[in-house]
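Single-letter residue listing:
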Amino acid sequence: MVELNLTPQDLVVPIPTYIRRERLLIISERNALIDDCLRRAGLEAVSEDEVSPLTVSEAIMLLQRHERAKQGRAKADHRRDLLARQERDRGRGRQQVSKEVAVVRLQAVTRGMLARRKVNQMRLQEELFLGLRPDPTLDRSWGGKLEKVQETRYLAQEDRKVALDNLQKRIQTKIVYEEGNQLLTSMEDKIREWIFQKKHETGKFPDLPEEDEGGSSAIVGMARPDDDAISDDARSLERKEAAPGPRSGDSERERAREQAKQKKKKEEEEKAIVLRPSSFVTDIQGACDQFQDVWSVKDIEDNTEEHPEEDMIETEQRARVEVEIRRQVDYLMRQEIQRLKEDVEGEKRGAKKKKRVKKGGKKGRKRKEKDLTPDRTTESLFEELVLNGIIKKVPEVRLSELYGDVSLVGCEMVAKTKYPMPAIGDIKNILTEYVVLPLGVDGVHEQTQMVKSVLVCGPRGCGKTRLVHALAYESGATFMDLTATNIVGRYPGRAGLNMLTHLVMKVGRLLQPTLIMIDAADKMFLKKVPKTDKSDPRRLKKEMPRMLKSLGPEDKIVFVGISNAPWNCDAKSLSSVYNKLVMIQRPTFSARAQLWRHLITKNGVKLTPRLDIGGLARISDGYTSGHICSVASQVVTEQRLAKQNKTPLTALEFVVPLSKIEPIYREEEEAMRAWYQKTPIMKKRARYLEEELEAQGLKGKGAKKPDAKKPKGKKGKRKKKK
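Residues numbered from 1 in each chain as written. Predicted model: local features only at pLDDT ≥ 70, side-chain atom pairs only at ≥ 80, totals over all residues. Heavy atoms only, no water.

Visitor: Is there a simple way to explain the overall build of the chain in this structure?
Guide: Within the chain, the regular secondary structure consists of 26 helices and six strands. Taking the contacts inside the chain whose residues are at least 6 apart along the sequence as the reference set, 79% of them involve residues at least 24 apart. A total of about 52,500 Å² of accessible surface is found on the chain, and carbon and sulfur atoms cover 53% of it. (Helix = DSSP H or I, 4+ residues; strand = E, 2+ residues; numbered from the N terminus. Contact = heavy atoms within 4.5 Å. Areas by Shrake-Rupley, 256 points an atom, 1.4 Å probe, with all protein chains shown as cover.)

Structure follows, in structure tokens:
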């Protein structure tokens, strides 16, 4: 990072803002439809702003509670005044002193106050210089100004987009009316000329190529002027290809060598972790070339307001009009060729068609799923899943709200042949690449490897569910919950299970992108379900592989599983269902300190020297981010914020509620790490590291053995005497 002049913020994978902005209307309509379905069914949740009416008994209890609190405060004030009066009566502070002593005391107090003020100013300047405290003189309103500028820019983009669409339609209509007939006539003349030329050469009327083969564009206008002038290199290459091949024995040897090379190369790729070149390099290079050829030569001063370039739009629309006219001409000319064949050659319209050669056998053919709801609309299916609690509104959680930086010691741990455990920043980057970008960006979905399922595992309270909500929110996806406890009692029986999977996949495809969450994913693959668990967690065990297998390259559907005890289930079955595995560790010291600081200061708490953030981060070792958030919400209340001017907040106030929470014990962490090391990807990495060590001579048969040291001390002397 130092060599590349990068900061930790540069390592964060950015999420394009247009993913949600372009789908904002669809998302708002979907949320309104969910609210409407729940309201009509009487299942809507009461918002925080709505106040439910109180009963008579509840109102009486509330009044009594307030009256008792008022009486308690009055008694406390009376007690305080009584104690103050008693202190005054004792005569404290009424001792008579001389003027000299009084002046000395006043000077000591004044000098102490001035010294403390000077020290505080020096400390403040030092903290400002080191960047430990924000500069109060800076203007902090730039965030709101930036948002206003962005909103203005987005509105201008929408206006320009509408103007561009209107201009394209106008130019297209103009080209069709002015040049359409001429283009149609010239294409027909060229195709007729080609037809009669082929009739003269072969004696039969030819067939026009089909649409998927290019149509008439594969024939007309494709001849290049330099086709006849074949270069000498091309002729020599043709002679070399036409020359007789090697003898049979030589060809077999060459084939065997080539197969051995391919096998060796494949084994090396399997052993090593190979980073293939990105598929986006060609697109980026093409865009750069287009910019250099088209936009770099244009004068920006002639179009400062960035109005559409009419000459470029006219060229583009002319090409589109030509393609559409060519399709119409091809359709008409195919009919004309058929009539010519019937009139001249006596062919009948009902002649047998050529048999198409079937590509592939039964093995590569996909079985088409039976539609169990052919007569129902998408709205009715959506409403049914909403009422059954499967489709839910996505909470407004952003990935940026999950605090944690990327790991900066990964390269050092790799150098020491240890696998670095990812930090929360690394996990956010990984899930952004696996889930958010493929669901939100069409180009990424088309050109990257399809990730159908991801398993997020980690100790309880580390933010797994909140992380999945953030993924669904950032990608603007339809959110479904297939947790066993959520679907218990719904769609019973085999027929009901088939209907459930059918509805989930059908609605998921119609309203894609879709994110399907499965909490407690490990319970689906338990060998023996406890008798106390009545949710039937293994209900979708056989259906999950079928649903994943039915997903095609065009489907934007991702299954995300959550587990806090994956070692309890069958690891082989779990790995076969989930393509990718992400493990969340409890936060490190720096992550805990950053989280404490954010949770305490976001509500307006003033940080003082008595509030030791480092101490809180140390004593909270073993606790997860969910535990820390719970403790902060218990301590930092509105009543406590009102008293912070008189009694500043201290770190001791967080100790008592933190001690009441059960931490993550070392045995649970070790079980999680042991299971993680046994996963297929970690086994592959372990083999790769062992081979690297053997190549370096640090392990295996050729490893250097340490020199045997002679025993020292009394035991060594006794051996010599013997």
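Text resumes after the structure shown.
Visitor: What is the right way to look at the nonpolar core in this model?
Guide: A general feature of soluble globular proteins is that nonpolar side chains tend to end up buried together. Core analysis: the largest hydrophobic core is formed by 42 residues, its most contacted members being Ile390, Leu482, Met544, Phe559 and Tyr578. With six residues, the single largest contributor to this core is helix α16 (residues 493-510). Apart from residues no more than four positions distant in its own chain, Ile390 is found in contact with Leu385, Phe479, Met480, Asp481, Leu482, Asn486, Ile487, Tyr491, Leu500 and Val504. (Core = buried A, V, L, I, M, F, W, Y, C linked by side-chain atoms within 4.5 Å. Buried < 20%, exposed > 50% of the residue type's maximum accessible area, 1.4 Å probe, protein only.)

Visitor: How should the sheet that holds strand β1 (residues 391-392) be read in this particular structure?
Guide: Strands pair in a sheet through their backbones, by hydrogen bonds, and they do so in one of two ways: parallel or antiparallel. With respect to topology, six strands assemble into an open sheet ordered β1-β3-β4-β5-β2-β6, the strand pairing being mixed. Looking at which strands have only one partner, the edges of the open sheet turn out to be β1 and β6 (580-583). Judged from the five bridges that link them, strand β4 (residues 514-518) and strand β5 (residues 557-563) form a sheet pairing that is parallel. Across the sheet, Leu515 pairs through a bridge with Val558, a residue of β5. Most of the contacts of helix α12 (residues 424-440) go to β6, to which it runs at about 140 degrees, and overall it touches β2 (453-457), β4, β5 and β6. (Pairing = 2+ DSSP bridges. Axes fitted to C-alpha atoms, helices over the stretch in contact; angles between N-to-C directions.)

Visitor: Would you mind showing me how to read the side chain of Asp555 here?
Guide: For Asp555, the position within the fold is in the loop between α17 (543-550) and β5. Taking the relative accessible area as the measure of exposure, Asp555 reaches 4% and is therefore buried.

Visitor: Hey, could you run me through a nonpolar patch on the surface in this one?
Guide: A contiguous nonpolar surface patch, about 350 Å² in accessible area, is contributed by Leu4, Leu6, Leu11 and Leu408. Classification of Leu11 by relative accessible area gives partly exposed; the value is 32%. (Patch = residues over 30% accessible without salt bridge, like charges linked within 9 Å, V, L, I, M, F, W, Y side chains within 5 Å. Salt bridge = Lys/Arg side-chain N within 4 Å of Asp/Glu carboxyl O.)

Visitor: Would you take a moment to explain the pairing of strand β3 (residues 478-481) for this structure?
Guide: Successive residues of a regular strand alternate their side chains across the two faces of the sheet. Both faces of β3 are covered, namely the face carrying Thr478 and Met480 and the face carrying Phe479 and Asp481. Two strands pair when backbone bridges link them, and β1 and β3 are joined in this way by two bridges, in the antiparallel orientation. Of the residues in β3, the one forming a bridge with Lys392 is Phe479.

Visitor: Explain the packing of aromatic side chains to me, please; I cannot follow it from the model alone.
Guide: The geometry of an aromatic ring pair is captured by the separation of the ring centres together with the interplanar angle, meaning the angle of the planes. Using the criterion set out here, one finds two aromatic pairs in the structure. Between Phe196 and Phe205, the ring centres sit 6.4 Å apart and the planes meet at 75 degrees, which makes this aromatic pair edge-to-face. Phe196 gets classed as partly exposed once you look at its relative accessible area, which sits at 46%. A cation sits over an aromatic face here: Lys199 above Phe205, 5.2 Å from the ring centre. (Phe/Tyr/Trp six-rings, centres within 6.5 Å; stacked < 30°, edge-to-face > 60°. Lys NZ or Arg CZ within 6 Å of the ring centre and 35° of its normal.)

Visitor: I tried to follow the environment of Met547 on my own but got confused; where do I start?
Guide: Structurally, Met547 can be placed in helix α17. Apart from residues no more than four positions distant in its own chain, Met547 is found in contact with Thr501, Met505 and Phe559.

Visitor: How do you make sense of the environment of Val329 when you look at a structure like this?
Guide: In this fold, Val329 is placed in helix α9 (residues 310-344). Along the backbone, Val329 and Ser216 are 113 residues apart, and their C-alpha atoms lie at a distance of 8.7 Å. Those residues in contact with Val329, other than ones at most four positions away along the chain, are Leu184, Met187, Glu188 and Ile191.

Visitor: I'm lost on a positive patch on the surface in this one. Help?
Guide: A contiguous patch of positive charge on the surface is contributed by Lys678, Lys683, Lys684 and Arg687. When you line up the elements, Lys683 lands in helix α25 (residues 680-695). (Lys, Arg positive; Asp, Glu negative; His and termini not counted. Charge placed at Lys NZ, Arg CZ, Asp CG, Glu CD.)

Visitor: Would you take a moment to explain the pattern of salt bridges for this structure?
Guide: Opposite charge on two side chains permits pairing when their charged atoms draw close. Counting across every chain of the model gives 28 salt bridges. The salt bridge involving Arg509 is made with Asp555; its shortest N-O contact spans 3.2 Å. Taken together, the positions of Arg509 in helix α16 and Asp555 in the loop between α17 and β5 put the pair 46 residues apart, joining distant regions of the chain. On the basis of relative accessible area, Arg509 is assigned to the partly exposed category, the value being 24%. As a salt-bridge pair, Asp621 and Arg586 come within 2.6 Å of each other at their nearest N and O atoms. Of the two residues, Asp621 sits in the loop between α20 (613-619) and α21 (625-635) while Arg586 sits in the loop between β6 and α19 (589-601), which places them 35 residues apart along the sequence. Look at Asp621 and you get partly exposed, because its relative accessible area is 45%. A relative accessible area of 23% means that Arg586 is categorised as partly exposed.

Visitor: Explanation requested: unusual backbone geometry in the structure shown.
Guide: Working note: non-glycine residues mostly have negative phi, and peptide bonds are mostly trans. Going from Gln512 to Pro513, the amide bond is cis rather than trans, its omega being 10 degrees. Mapped onto the fold, Pro513 is located in the loop between α16 and β4. Non-glycine residue Tyr491 carries a positive phi angle of around 50 degrees. You can see Tyr491 is positioned in the loop between α15 (484-487) and α16.

Visitor: What's the story with the packing of α12 against helix α14 (residues 464-475) in this structure? I'm lost.
Guide: When two helices pack together, their arrangement is captured by the angle between the axes and the distance separating the axes. Packing of α12 against α14 brings their axes to within 9 Å, and their N-to-C directions diverge by 40 degrees. Here α12 lies oblique to α14, going by the angle between them. Viewed along their axes, α12 and α14 form a crossing whose handedness is right-handed. Here α12 contributes Ile427, Leu431, Val435, Val436 and Leu439 to the contact with α14, which in turn contributes Leu467, Leu471, Glu474 and Ser475. Residues that form the contact of α12 with α14 fall into these classes: seven nonpolar, one polar and one charged. (Parallel < 35°, antiparallel > 145°, perpendicular 65-115°, else oblique. Left-handed = near helix turned anticlockwise from the far one by under 90°. Nonpolar A, V, L, I, M, F, W, Y, C, P; charged D, E, K, R; others polar.)

Visitor: Would you take a moment to explain the environment of Ala591 for this structure?
Guide: In this fold, Ala591 is placed in helix α19. Taking the C-alpha atoms as reference points, Ala591 and Val406, separated by 185 residues in sequence, lie 9.9 Å from one another.

Visitor: Honestly, the confidence of the model for the chain in this entry has me stumped. Any pointers?
Guide: When pLDDT drops low, the exact placement of atoms in the prediction is not to be read closely. Taken over all residues, the pLDDT of the chain has a mean of 79, while the share at 70 or more is 82%. Overall, residues 348-355 carries pLDDT values under 50, and its contacts beyond four positions in sequence, including any with other chains, amount to four contacts. Confidence drops under pLDDT 50 across residues 713-717; counting only partners more than four residues distant or on other chains, this segment forms one contact. (pLDDT = per-residue confidence, 0-100.)

Visitor: When you look at α21 in this model, what are you seeing that I'm missing?
Guide: At 3.6 residues per turn, the α-helix brings residues three or four places apart onto the same side. Among the residues of α21, those classed as buried are His627, Ile628, Val631, Ala632 and Val635. What you see down the axis of α21 is that its buried residues fit within an arc of 130 degrees, all on one side. Each element contacted by the buried residues of α21 is listed here: α19, α22 (638-642) and α23 (655-659). (Arc of directions from axis to C-beta.)

Visitor: Before we go on, may I ask you to explain the pairing of β2 in this structure?
Guide: Taken across its five residues, β2 has five buried, putting it largely inside the fold. The alternating pattern of β2 places Ser453, Leu455 and Cys457 and Val454 and Val456 on opposite faces, both of which are buried. Pairing analysis gives five bridges linking β2 to β5, with the strands arranged parallel. Considered in β5, the bridge of Leu455 is made with Gly561. Alignment of β2 against β6, held across four bridges, turns out to be parallel. When the sheet's bridge partners are listed, Cys457 is paired in β6 with Met583.

Visitor: Sorry if this is basic, but what is going on with the packing of helix α10 (residues 378-387) against α16 here?
Guide: In the contact formed by α10 and α16, the axes pass within 10 Å of each other and the chain directions differ by 125 degrees. By the angle between their directions, the pair α10 and α16 is classed as oblique. Like other packed secondary-structure pairs, α10 and α16 cross with a definite hand, here left-handed. Contact with α10, carried on its side by Thr378, Leu381, Glu384 and Leu385, involves Leu503, Lys506, Val507 and Leu510 of α16 and no other residues of that element.

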